[in-house]
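Chain and residue survey
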Amino acid sequence: MMIDQDTPASGRLTIDLNALVGNWQAVGASATPAETAAVVKANAYGLGIEPVGRALWAAGCRTFFVAVPAEGAKLRDTLPEADIYVLAGLLPGSAAFLESRRLRPVLGSMAEIAEWLETRSSTGSSCALHVDTGMNRLGLTVDEALTLSQQTDVVEALSPSLIISHLVISEEQDNALNATQRDRFARVRSAFPHIKASLANSAGVFLGSNYHFDMVRPGIATYGATPGPGVPVPMKPVVTAEAQVILVREGRPGETVGYGALASLSRSSRIAILGVGYADGYHRRADLGPGQPRVFIRGQSAPLLGRISMDLTAIDVTDIPAVQRGDWAELFGPNIPVDEVAGYSRTVGYELLTGLGRRYSRHYIGLPAD
Ligand SMILES: *Cc1c(COP(=O)(O)O)cnc(C)c1O
């Protein structure tokens, strides 16, 4: 379900494609002369793979990473000429699907390599190799990769266009594991000297030029959130998430608000009810803090009141008398950083963005969306 512009919606997302492109370019400027690719998995971190893909392509991005084949197919319809890599690699039996959309699997095991060589067509679509340097998730072990590099006929048959690895803890700049992974990757890379290499995600770019190799793969920084507390990634906010005030009511001292009677009123209060809740990805955990969860409305912060419900959230607007039915409250955006809300929700900006529900109407500003 996508909400079209004519359907009334009590939640809306405004996505600033100009800020998005600016963030992507700023990361890229830190990585020159390496190529800057874009990671657009999970519907471009919840923001819409089609408009995001088009905006980045128009800004000069030519290489894109998605997680799964369906995302790649959607992006292919939008960007007929892009290089699109599928990070999940070769799902069993998926070679024909990938080839028909010219998607490149990032092969992550000897089993995937064997199946790819067996089942892809003779025209030989391109692929990438994933090497595990510490995550223990996807990728050949370093030893497997080094052994493979000796099998020149296999390497030739594969002709990978890229070799990647993924950093485990790049958001901690001083963690020794970063250099360990880089050194392992450099070893593998020198065994495949003619193949482009890519290691850095957003935080990895800021570890310095010896992490850049030939291509960097920022995701989260492009979308205006930080990879982790303390990472110096000064990005512009891209998404503004807002909820509409459905009604304003009066509450008396001693009454409670919402499920579980979690909030009791200590004074005569004005309560505004917002039409967004946890089903929209506004996490129910947030109502317990840490910190005082808030929204931004009529130029001021208003605290949340009681439990976040599935579809509704109450806020205290006693001190903001101008608030009325139909107003919009910012959940996060220019006045409330997405990372602040991630903090109340005891998660990270990544989960908050990718969890934005399907009931928001979406508005793209800053650049033509098509
Ligand atoms: C998600 C992902 C990225 C992007 O990471 P960010 O922290 O969002 O910049 C890069 N590479 C791989 C393999 C990924 O899975």
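Residues numbered from 1 in each chain as written. Predicted model: local features only at pLDDT ≥ 70, side-chain atom pairs only at ≥ 80, totals over all residues. Heavy atoms only, no water.

1. Things to note about the nonpolar core
Convention followed: The definition of a nonpolar core used throughout is a set of buried Ala, Val, Leu, Ile, Met, Phe, Trp, Tyr and Cys residues joined through side-chain atoms within 4.5 Å. The rule is simple: take the accessible area with a 1.4 Å probe, protein chains only, and divide by the maximum for that residue type; under 20% is buried, over 50% is exposed, in between is partly exposed. Starting at the N terminus, helices and strands are each numbered in turn, a helix being any DSSP run of H or I of at least four residues and a strand any DSSP run of E of at least two.
In terms of nonpolar packing, the biggest core is built from 94 residues, with Val40, Leu56, Leu331 and Phe332 touching the most fellow members. No other element matches the five residues that helix H1 (residues 17-31) contributes to this core.

2. Things to note about the packing of helix H7 (residues 142-150) against helix H9 (residues 176-191)
Applicable threshold: Simply put, an axis is a line fit to the C-alpha atoms, just over the touching stretch for a helix, and the angle between two N-to-C directions goes from 0 to 180 degrees. Here is the rule for angles: anything less than 35 degrees is roughly parallel, anything more than 145 is roughly antiparallel, 65 through 115 is roughly perpendicular, and the remaining ranges are oblique. Crossing handedness follows the turn of the near helix against the far one: under a right angle anticlockwise gives a left-handed crossing, and clockwise gives a right-handed one. We call two residues in contact whenever any of their non-hydrogen atoms come within 4.5 Å of each other.
Between H7 and H9, whose axes approach to 9 Å, the crossing angle comes to 15°. When the interaxial angle is binned, H7 and H9 end up roughly parallel. Crossing angle aside, the handedness with which H7 passes H9 is left-handed. Between H7, through Val142, Ala145, Leu146 and Ser149, and H9, the contact on the second element is made entirely by Arg184, Arg187, Val188 and Ala191.

3. Here's the deal with the site of the ligand
Rules: Each residue is tested against the molecule or strand, and it is near if at least one of its non-hydrogen atoms lies within 4 Å. We define a polar contact as two N or O atoms separated by no more than 3.5 Å, with the added condition that, inside protein, one atom must be a possible hydrogen donor and the other a possible acceptor, whereas residues neighbouring each other in sequence contribute only through side-chain atom pairs. Each accessible area is a Shrake-Rupley estimate made with a 1.4 Å probe; only the visible protein chains count as cover when residues are assessed. Only Asp, Glu, Lys and Arg are considered charged in this grouping, and only Ala, Val, Leu, Ile, Met, Phe, Trp, Tyr, Cys and Pro are considered nonpolar; every other residue, Gly among them, is considered polar.
Around the ligand sit Val39, Lys41, Tyr45, Leu87, His166, Asn201, Ser202, Arg217, Pro218, Gly219, Ile220 and Tyr350, and those are all the residues in its vicinity. One nitrogen or oxygen atom from the side chain of Tyr45 is found 2.5 Å from an oxygen atom belonging to the ligand. A distance of 2.8 Å separates an oxygen atom of the ligand from a polar atom in the backbone of Ile220. Alone, the ligand offers 390 Å² of accessible surface; in the complex the protein occludes 94% of this. By residue class, the composition of the shell around the ligand is six nonpolar, four polar and two charged.

4. Describing the pairing of strand E6 (residues 103-107)
This is how it is decided: Strands were regarded as paired on the criterion that DSSP finds at least two bridges between them.
For E6, the tally of buried residues reaches five of five residues, placing the bulk of the element in the interior. Neither face of E6 is exposed, since Leu103, Pro105 and Leu107 on one face and Arg104 and Val106 on the opposite face are all buried. Both strand E5 (residues 83-86) and E6 contribute to a ladder of three bridges, which runs parallel. Counted as the bridge partner of Ile84 is Leu103 from E6. Two elements, E6 and strand E7 (residues 128-130), share two bridges in a ladder whose sense is parallel. Opposite Leu107, over in E7, you have Leu129 as the bridge partner.

Remember, this is a structural readout, not a statement about activity or role.
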